[in-house]
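Coordinate analysis (summary)
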Amino acid sequence: MDSFTKPSSITSDSIDVSLRPVTDADQEFLIGVYANSRAAELAQVEWDESQKDAFIRWQYAMQKQEYEARYPAARYNIILVDGAPAGRIWVGTDDTQIRLLDIAILKEFQNRGVGTLLLRQLMDEATRSNKAVRHMVFMLNENAFRFYERLGFKTIEDAGGYMHMEWLPGQD
């Protein structure tokens, strides 16, 4: 059993980051995390709150359905920071890759090293299994793009609105 299929914990600079599997009771939290990740986009539309909520729920359901269809054995975890729910990380694997399907950390937990710790954990897993780590980054999310570049990810494909990025063991 690897570190992403059971609660795991890593500590750095006085923060404790752990993961636990998603349960049915987490659905509203997960929708809230998804909404948080789309807040800047939704601020630009002239919809009332009920329209925004319906859109977020629909988009979240479609994303979840797509990931479950493509990666039925994916690991769906809640990110905990010092025991508090702080986000989600969804990871799929196959024979050649570890696919970071999604990582979303609530704003109040960002810039504290949480994402770096989790990505380094995936990179360690990739090194042990001799697989690539791959992730699609929304092209307008420059902060995320720079984050992955700092960790050694390279762009391998411009896929329209997304940049397909990859990290390979031993490329640092």
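Residues numbered from 1 in each chain as written. Predicted model: local features only at pLDDT ≥ 70, side-chain atom pairs only at ≥ 80, totals over all residues. Heavy atoms only, no water.

Things to note about the confidence of the model for the protein
Considering every residue of the protein, the mean pLDDT works out to 89; 92% of them sit at 70 or more. Looking across the protein, the model is least confident in strand 1 (residues 8-12), with a mean pLDDT of 49, and most confident in strand 3 (residues 75-81), with 97. Predicted confidence for residues 1-9 stays below pLDDT 50, and this span has 26 contacts to residues more than four positions away or in other chains. (pLDDT = per-residue confidence, 0-100. Helix = DSSP H or I, 4+ residues; strand = E, 2+ residues; numbered from the N terminus. Contact = heavy atoms within 4.5 Å.)

Brief notes about the nonpolar core
By size, the foremost hydrophobic cluster in this structure holds 32 residues, and its most contacted members are Ile 79, Ile 89, Ile 103, Tyr 148 and Phe 153. Listed by contribution, the elements that provide at least two residues to this core are strand 2 (15-21), strand 3, strand 4 (84-93), strand 5 (97-105), helix 4 (114-129), strand 6 (132-138), helix 5 (142-150) and strand 8 (162-167). Of all the elements, helix 4 adds the most residues to this core, at 6 residues. Apart from the residues within four sequence positions on either side, Phe 153 is in contact with Leu 119, Met 123, Val 133, Tyr 148, Met 165, Glu 166, Trp 167 and Gln 171. (Core = buried A, V, L, I, M, F, W, Y, C linked by side-chain atoms within 4.5 Å. Buried < 20%, exposed > 50% of the residue type's maximum accessible area, 1.4 Å probe, protein only.)

Regarding unusual backbone geometry
A positive phi is found at Asp 82, a non-glycine position, where the angle reads about 50 degrees. With respect to the helices and strands, the residue Asp 82 is situated in the loop between strand 3 and strand 4. Of the residues examined, Asp 82 reaches a relative accessible area of 46% and is grouped as partly exposed. A positive phi angle is found at Asn 130, which is not glycine, with a value near 55 degrees. Checked against the element boundaries, Asn 130 lands in the loop between helix 4 and strand 6.

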